[in-house]
Amino acid sequence: MTAFRAAFARRQAVETVELPGAFAVRDPHFFLSQEHNQLIVDAPDADPAALPELAAQGLGPRQQYRITVLDEALGEEATSVLAAAGYRRDTELVLARETTGCALPDTAAHPVELAKLRAAVFRQQLAWAPDEELARQLTERRAARLRGAEEVLFLATWTPEGEIAAWTDLYLDRATGLAQLEDLVTATPHRGQGHGDTLLATGLALAGAAGIPQVFLIADETDWPREWYVRRGFAEIGRSHSFVNG
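Everything in this summary refers to the structure shown in the same document.

Turning our eyes to something else, we now look at the pattern of salt bridges. According to the stated counting rule, one finds 21 salt bridges in the structure shown. Close ionic contact of Arg10 with Glu18 constitutes a salt bridge, the shortest N to O distance being 2.4 Å. The residue Arg239 makes a salt bridge to Glu236 at a minimum N-O spacing of 2.6 Å. On the basis of relative accessibility, which here comes to 24%, the residue Arg239 falls in the partly exposed class. The exposure class of Glu236 is partly exposed, given its relative accessible area of 39%. Ionic contacts of the salt-bridge type, sharing partners, join the residues Glu35, Arg141, Arg142, Arg145, Asp169 and Asp183 into one network.

As C-alpha cells, this is what we get:
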C-alpha cells in the first residue's frame, strides 16, 4: 500500500521535488489543499530531525506545512521530534478487505463525471467550512486525482428525486492488484438512508470484477468511520502518520 500511495501522489502532482528519503508534491491550482501540497516521507530510514527543513525546502513558504510519514515505525520515531518543532500528529489507519464474493447491490452506485458531481460536493464542503475559495479548491482538486491511478472512478448515488446524495472515489490498479476507496461522503440531508453501504458494496464489486483481490482505504484513528468500516469486514493492516504545524 505504501508504494501505491506514494505513486498516486506523484502522478497527480503538478510539481514534484525529490528530497533525501522523501518528496514534496505541489499544485499551485489547489494551494489550499494539503493533499496536493505536502511532504511525503516514503523511505523508512529518513532522518526525523531533517523533516521540518525538508518540508520548507520542498514546499516553499506556506502558512501551514503537512508531512505524511508512510512508514509506521518511522512515524512513531518522528513524533517527539516534530512535536518539538510545533507539529501535531494524526494517525491514519490502513484498512482492507478482500473482494471475493462481492456482488453489485440491487440498486448500485454509478460512475459520474466531475461536472455532474461538482455542485453536490461544493455544497457539502461549504457546510463543513464556510469558506468559498477553500470549498472550491477542495471540490475541483478531484480533477487532479484523475491522474493518480490506472483507472479513477467517481461513484455516486441519487435520491428518488434525482439529487446526488453520496459519492466516493475508486482507484483501480490492476498491475499491483490493489484498489483504494477514498473520500466516501453522504451529504448531510441524506445520511442514515443506506447510501454509504451502496457506495461501499459497489466499489468492492467493481474492484472484484476488475480482477483486483483487495480494496483498501484510509481512516482516521479517532473518527467514527473506522468502526463503520470494521463492521463491514475491513481490518487494519497498517498505519501511517500525518503531521501538521500551527
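That shown, we press on.
Running from amino to carboxyl end, helix α4 (residues 114-128) crosses helix α5 (residues 132-140) at an angle of 140°, the nearest separation of the two axes being 9 Å. As the angle between them shows, α4 and α5 are arranged oblique. Where α4 crosses over α5, the handedness of that crossing is right-handed. Across from Leu114, Arg118, Val121, Phe122, Gln125 and Leu126 in α4, the residues of α5 making contact are Glu132, Ala135, Arg136, Leu138, Thr139 and Glu140. In terms of residue class, the contact of α4 with α5 is made up of 6 nonpolar, 2 polar and 4 charged.

Thresholds applied
Residues numbered from 1 in each chain as written. Predicted model: local features only at pLDDT ≥ 70, side-chain atom pairs only at ≥ 80, totals over all residues. Heavy atoms only, no water. Salt bridge = Lys/Arg side-chain N within 4 Å of Asp/Glu carboxyl O. Buried < 20%, exposed > 50% of the residue type's maximum accessible area, 1.4 Å probe, protein only. Axes fitted to C-alpha atoms, helices over the stretch in contact; angles between N-to-C directions. Helix = DSSP H or I, 4+ residues; strand = E, 2+ residues; numbered from the N terminus. Parallel < 35°, antiparallel > 145°, perpendicular 65-115°, else oblique. Left-handed = near helix turned anticlockwise from the far one by under 90°. Contact = heavy atoms within 4.5 Å. Nonpolar A, V, L, I, M, F, W, Y, C, P; charged D, E, K, R; others polar.

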